[in-house]
Amino acid sequence: MNVTNPYSVRVRFAPSPTGYLHVGGLRTALYNYLFAKHNGGKFLLRIEDTDQSRKVEGAVENLIATLDWAGVHYDEGPNRDGGHGPYVQSQRLDLYHKYARQLVEQGNAYYCFCTPERLEEVRKKQQAQKLSPKYDGHCRFIPAEEAKRRRESGEMSVVRMKIPDGGETAFEDIIRGRVTIANSILDDQVILKSDGFPTYHLAVVVDDHLMEISHIIRGEEWLPSTPKHVLLYRYFGWDMPQFAHLPLLLNPDKSKLSKRQGDVAVEDYRAKGYFKEALVNFVAFLGWNPGDEREVFTMDELVKEFSLERVGKAGAVFNIEKLDWFQFQHLQKKTDNEMLTLLKGQLKSSGISNTFQDSYLLGVIGAMRERATFVRDFVEKSPYFFTPPLEYDAAVVKKRWKPDSSAKLTKLSEEFSMLSNPTKEDFEAALQRTAEALKIGNGELIHPLRLAVSGLGAGPGLYDILFILGKDETIKRIKTAIEKIQ
RNA sequence: GGCCCUAUCGUCUAACGGUUUAGGACGCAGCCCUCUCAAGGCUGAAAUACGGGUUCGAUUCCCGUUAGGGCUACCA
């Protein structure tokens, strides 16, 4: 066992490049990464592209870019050699052939010449008899000489591993404890396909061994086939890595998280404006917790706290509301300077020409921050900071704009015009003076004024808005509003 | 169908036999704050699937039932 030494921790994320990075994949990658970093080990990325029919152009690049965006960086993998490459399975074919041959020679595997048609027939028969579909061992006892002859004559074949006739195979799972499966229900699994590519089962065992993987941390969907892998390790006489099968991520209806019930691609969430910090924090908490009541974590903090012992066994529903809360929390944690950069980027992508001073933008950030979950909220919830209101919210006009509002605002506007370089407090004092002079409550000025300068009925404190907008712009907007409303 | 895994508030979860009137968070409702909307504070509704054991004592251990999920390919 090469597992108990914390300095020899080597784990991997081994996706198949079928398009995009699934959020479940992100969590698996993240847990591997956190475990590696927490233990001072290495995190590898290995591309499992042994199914040629599922190959998607650009998928690998996309996968790597997305992991990189999320901050899940690999120590070894494609374009980052660590002496255990290549890290792409389609470039390791000779290795799989070699080990498949070894298994055949040892008598732990055999060539099978059954056609897909025959296999289909057998399967149908078994299903008709309500038996579980399983290879019937038709080619299991073909003599080596005959197999050799048939292969040399060009007959198509695959290699199947031999499952012991009786007994059971068990292994220890860090998350689930001891798992046992009767050999009788295991299939003589194909390990080398007729196209010369290995199946997952052979490739994963060979690679994990050659790459000196210490812990296999992967999704629960692999649990039932793990005994086959255990058997292969035994056939080869290799040390067994430790297994940790993660609970699945679920749809709101508790089925395995999938498309159709919402977005599953990490890039979808990125495109929607979620911070990597939020997505990573959220996904980390789907199946793991630090054992106390803290919830908002940075990547570094996660690395510090993470342990497989605190990973749960039950599937977790991917709950968007909670994600949004994490997003809000992480937005609040950003520094003003970070927000400034983000806001400038948002203005650009929103097509708003940035003619604003940094100090102005910083003012907007201060006023809007706790009202924003996404960066785009600054533009969407308070467009009036960037463009004068083009229209006025009808419901607010109805509620707040009285027949005499124009006259009152005109008076207020006059009061404002006497101010020089007004502070927030100056605006407030001026408004109070006007209200007193008019013998009305502040509210009769505040509400119509908010509507006049913002076009909306909700937002930051009015005096904050006025101060940010400035005296001239405020007066201008009051004038425009008086003309446009009614 | 067979096999495997799982089971605490609607959701994410804490509890590693007794400190529990089962704690926190999201969401929800109410109140406070208040120029609005947020934020914040306070309060509230809300869970150990069911049935048997083991034990002086079970959310916690065992068995069964039920439910859910996964797997059952020359896919991963």
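These figures come from a predicted structure and were not determined experimentally. (Residues numbered from 1 in each chain as written. Chains lettered and ligands numbered in written order. Predicted model: local features only at pLDDT ≥ 70, side-chain atom pairs only at ≥ 80, totals over all residues.)

Engineer: Any chance you could explain helix H13 (residues 358-368) here in plain terms?
Structural biologist: An α-helical turn contains 3.6 residues, so a residue and the one three or four places further along point in the same direction. Buried within H13 we find Leu 361, Gly 363, Val 364, Ile 365 and Met 368. Buried residues belonging to H13 abut helix H12 (336-349), helix H14 (376-381) and helix H19 (462-469). (Buried ≥ 20, exposed ≤ 12 C-beta atoms within 10 Å, placed from the backbone. Helix = DSSP H or I, 4+ residues; strand = E, 2+ residues; numbered from the N terminus. Contact = placed C-beta atoms within 7 Å.)

Engineer: Help me understand the protein's contact with RNA strand B, please; the structure alone is not making it clear to me.
Structural biologist: Not every one of the 62 residues close to RNA strand B is listed here, only the nearest: Glu 48, Ser 132, Lys 256, Ala 458 and Gly 461. Within the residue set of the surface near RNA strand B, elements represented by two or more residues are helix H4 (116-128), strand E6 (177-182), strand E11 (316-317), helix H11 (320-333), helix H18 (443-454) and H19. In terms of residue class, the surface near RNA strand B is built from 24 nonpolar, 19 polar and 19 charged. (Near = placed C-beta within 6 Å. Nonpolar A, V, L, I, M, F, W, Y, C, P; charged D, E, K, R; others polar.)

Engineer: It is not clear to me how the domain arrangement of chain A should be interpreted in this structure. Could you clarify?
Structural biologist: How big an interface is tends to be stated in terms of the accessible area lost upon association of its parts. Domains assigned within chain A are domain 1 (6-78 + 201-250), domain 2 (95-192), domain 3 (266-333), domain 4 (334-383) and domain 5 (388-486). Of note, the centres of domain 2 and domain 3, computed from C-alpha atoms alone, are 42 Å apart. (Domains from an automatic or database assignment.)

Engineer: Can you walk me through the packing of helix H6 (residues 200-210) against helix H7 (residues 226-236) in this structure?
Structural biologist: In a packed pair of helices, the relevant descriptors are the angle between the two axes and the axis-to-axis distance. Following both chains from N to C, one finds H6 and H7 inclined at 50 degrees, their axes separated by 10 Å at the closest point. Classed by the angle they form, the pair H6 and H7 counts as oblique. Classified by chirality, the crossing of H7 by H6 is right-handed. Facing His 201, Val 204 and Val 205 of H6, the residues of H7 in contact are Lys 228, His 229, Leu 232 and Tyr 233. When grouped by side-chain class, the residues that make up the contact of H6 with H7 number 4 nonpolar, 2 polar and 1 charged. (Axes fitted to C-alpha atoms, helices over the stretch in contact; angles between N-to-C directions. Parallel < 35°, antiparallel > 145°, perpendicular 65-115°, else oblique. Left-handed = near helix turned anticlockwise from the far one by under 90°.)

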